[in-house]
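Tertiary structure, described
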Amino acid sequence: MPPRGKILRPRQVRGANSAVLLELLQRHERLSRADLARYSGLSEGTVSRIVTELIGRKLVMEDGAENSTGGRPAICLRLEQNRFAVGVDVHSWETQFGVSTMRGRMVETMSSRTPRDPKSTIDMIAGQYTAWKHQYGQLEGLGVSIRGIVNSRTGVVELGADPDWVDVHIKEMLEARLEAPVHVENNVRAATLAEYKYGNPGVRDSRCLLVVVVDEGVGIGIVLDGRIYPGPRMAAGEFGQMVIMASDSPQRYDRPGCLERLASNVALCDRYAEMSNSKSFSGSGNVTARVRMICHHAMNGESAAQTAIQETSKYLGIGISNVVWGLDADTVIIHSVITEAWPLVAPVILDQFPEAKQTITRQNLILRPSLFGREASLVGVATLPFHRMFSEHAPEQNAEAEAI
């Protein structure tokens with residue numbers, strides 16, 4: 001974004017206007033040239049010239065005629081479907097891989113057990129990318145998401161969830177091997193990108209969107225007026241460390257009573273193991289599969305599973321309500337396997353808020369589960385290689401007179 005008051009050069013304006021049209025096609029899937037002119041505020045002549053260029057660059061394709069109510073039917077346009085990028089979502093137990101289109105549609109996915117150390121994990125990622133490059137031809141690049149403090153500008157995992165994942169230069173290592181663009185992002189911000197760009201269309205109207213990601217930890221992605229807020233040190237949203245229950249422990253990180261210790265998938269499994277006297281549900285391992293099983297038991301009426309989920313949801317709701325109070329959020333999306341028991345989860349979370357008539361903070365608040373299941377972070381990072389095509393923002397008032 002140019003500094004305020006700076007006059008854009010014609011080429012910059014063309015790039016900004018092209019990005020606007022690509023964003024519209026990303027959001028609406030199929031639009032005519034007249035639709036693009038109406039939504040963007042650009043003249044039909046300008047739109048036509050930009051579309052011709054985008055078709056030539058194989059970013060946009062014609063996709064048949066729309067239904068006509070009289071006269072010549074307009075030709076519809078859509079984003080090119082034969083441009084692909086690869087996404088990788090690294091978790092402690094499992095790593096997911098996917099090939100995505102420009103609109104965030106996964107055409108192929110797979111998963112593998114995550115190796116014990118970063119080098120082996122990077123070897124595995126490079127191998128799968130190379131295999132898909134042979135299969136799909138030219139790929140736009142690779143996106144990698146991982147838990148922890150991730151500097152998305154430098155592509156460095158500064159502090160990962162596991163002790164070995166500290167100061168790991170993923171971008172540098174993979175670009176040297178693959179000779180392809182590599183983007184690295186925190187898993188919560190990646191999931192937030194997917195929800196905002198490719199999720200429920202109404203989410204785009206949110207002024208303050210929170211995406212709550214619950215897995216081995218708890219993190220919250222923040223979108224303010226259409227932009228993901230990463231924080232000055234790329235650490236915004238680490239609300240898992242928020243203390244919601246006092247303790248005498250001298251710990252100041254992962255201290256007893258913090259949200260992560262009370263509401264994560266690990267906490268739910270430990271709570272259920274204690275209530276059901278089933279030790280197989282506690283400890284390390286594939287926590288996601290265990291939570292899915294607990295949800296299944298709860299929805300089938302098992303008392304211990306229902307109690308464990310409701311108690312976990314209560315702590316999660318307390319944490320979410322604190323953040324909503326602080327940021328005046330209008331939309332909250334929960335990305336977690338616990339939403340498979342949504343009829344039990346949602347009422348408990350909402351019960352931690354005051355009634356709507358008591359405060360404006362609760363009025364018109366939207367709370368919903370993720371539309372992506374377990375793939376939100378994967379969709380988010382898989383589309384990052386396309387981001388440069390959509391990243392040029394037009395100035396607040398379109399300088400169309402200078403353009404094209």
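Up top you'll find the structure we're talking about.
Described below are features of the structure shown in this document. (Residues numbered from 1 in each chain as written. Predicted model: local features only at pLDDT ≥ 70, side-chain atom pairs only at ≥ 80, totals over all residues. Heavy atoms only, no water.)

**Regarding the pattern of salt bridges**
- Enumeration according to the criterion identifies 19 salt bridges in this entry.
- Between Lys197 and Glu23 there is a salt bridge, and its shortest N-O distance comes to 2.9 Å. With Lys197 in helix α6 (residues 187-198) and Glu23 in helix α1 (residues 10-28), this residue pair connects regions lying 174 residues apart in the sequence.
- With relative accessibility at 17%, the residue Glu23 sits in the buried group.
- Linked through salt bridges whose partners overlap, the residues forming this network are Glu29, Arg30, Asp63, Arg78 and Arg103. (Salt bridge = Lys/Arg side-chain N within 4 Å of Asp/Glu carboxyl O. Helix = DSSP H or I, 4+ residues; strand = E, 2+ residues; numbered from the N terminus. Buried < 20%, exposed > 50% of the residue type's maximum accessible area, 1.4 Å probe, protein only.)

**Re the state of the cysteines**
- By the definition in use, this model includes 0 disulfides.
- For Cys258, which is in no disulfide, the shortest distance to another cysteine sulfur is to Cys269 and amounts to 17 Å. (Disulfide = S-S within 2.5 Å.)

**Quick look at the side chain of Thr383**
- The residue Thr383 is located in the loop between α12 (376-382) and α13 (387-390) in this model.
- Within the structure, Thr383 has its side chain in polar contact with the backbone oxygen of Val379 (distance 3.0 Å).
- Here Gly380 takes part through its backbone oxygen, which lies 3.0 Å from a polar atom of the side chain of Thr383.
- Contacts of Thr383, omitting those with residues within four sequence positions, involve Ser100, Thr101, Gly104, Leu193 and Tyr198. (Polar contact = N/O pair within 3.5 Å; in protein donor to acceptor, adjacent residues only side chain to side chain. Contact = heavy atoms within 4.5 Å.)

**Digging into the nonpolar core**
- Core analysis: the biggest nonpolar cluster contains 44 residues, and Val212, Ile309, Ile320, Val332 and Ile334 have the highest contact counts within it.
- Of all the secondary structure elements, the ones that give two or more residues to this core are β12 (208-214), β13 (218-224), α7 (259-263), α8 (265-276), α9 (287-299), α10 (303-327), β15 (331-335) and α11 (342-350).
- Counting residues per element, this core draws most heavily on α10, which supplies 9 residues.
- Aside from chain neighbours lying at most four places away, what touches Val332 is Leu210, Val212, Ile320, Val324, Leu365, Ile366, Leu367 and Arg368. (Core = buried A, V, L, I, M, F, W, Y, C linked by side-chain atoms within 4.5 Å.)

**A few points about helix α3 (residues 44-56)**
- In this model, α3 (13 residues) spans 18 Å end to end at C-alpha, consistent with the 18 Å of a helix rising 1.5 Å per residue.
- Within α3 the residues assigned to the buried category are Thr46, Val47, Ile50, Val51 and Leu54. Around the axis of α3, the buried residues are gathered within 130 degrees of arc, so they sit on the same side. Of the exposed residues in α3, those oriented more than 90 degrees away from the buried face are Thr52 and Gly56.
- The first or second residue beyond α3 is Lys58, which carries a positive phi of 60 degrees. (Expected span 1.5 Å × (residues − 1). Arc of directions from axis to C-beta.)

**Side note on the side chain of Lys197**
- For Lys197, a relative accessible area of 17% gives the class buried.
- A polar atom in the side chain of Lys197 sits 2.9 Å from the side chain of Glu23.
- If near-sequence neighbours (up to four positions away) are discounted, Lys197 is found in contact with Glu23, Gln26 and Arg204.

Everything listed here is a matter of coordinates, which is why it stays silent on function.
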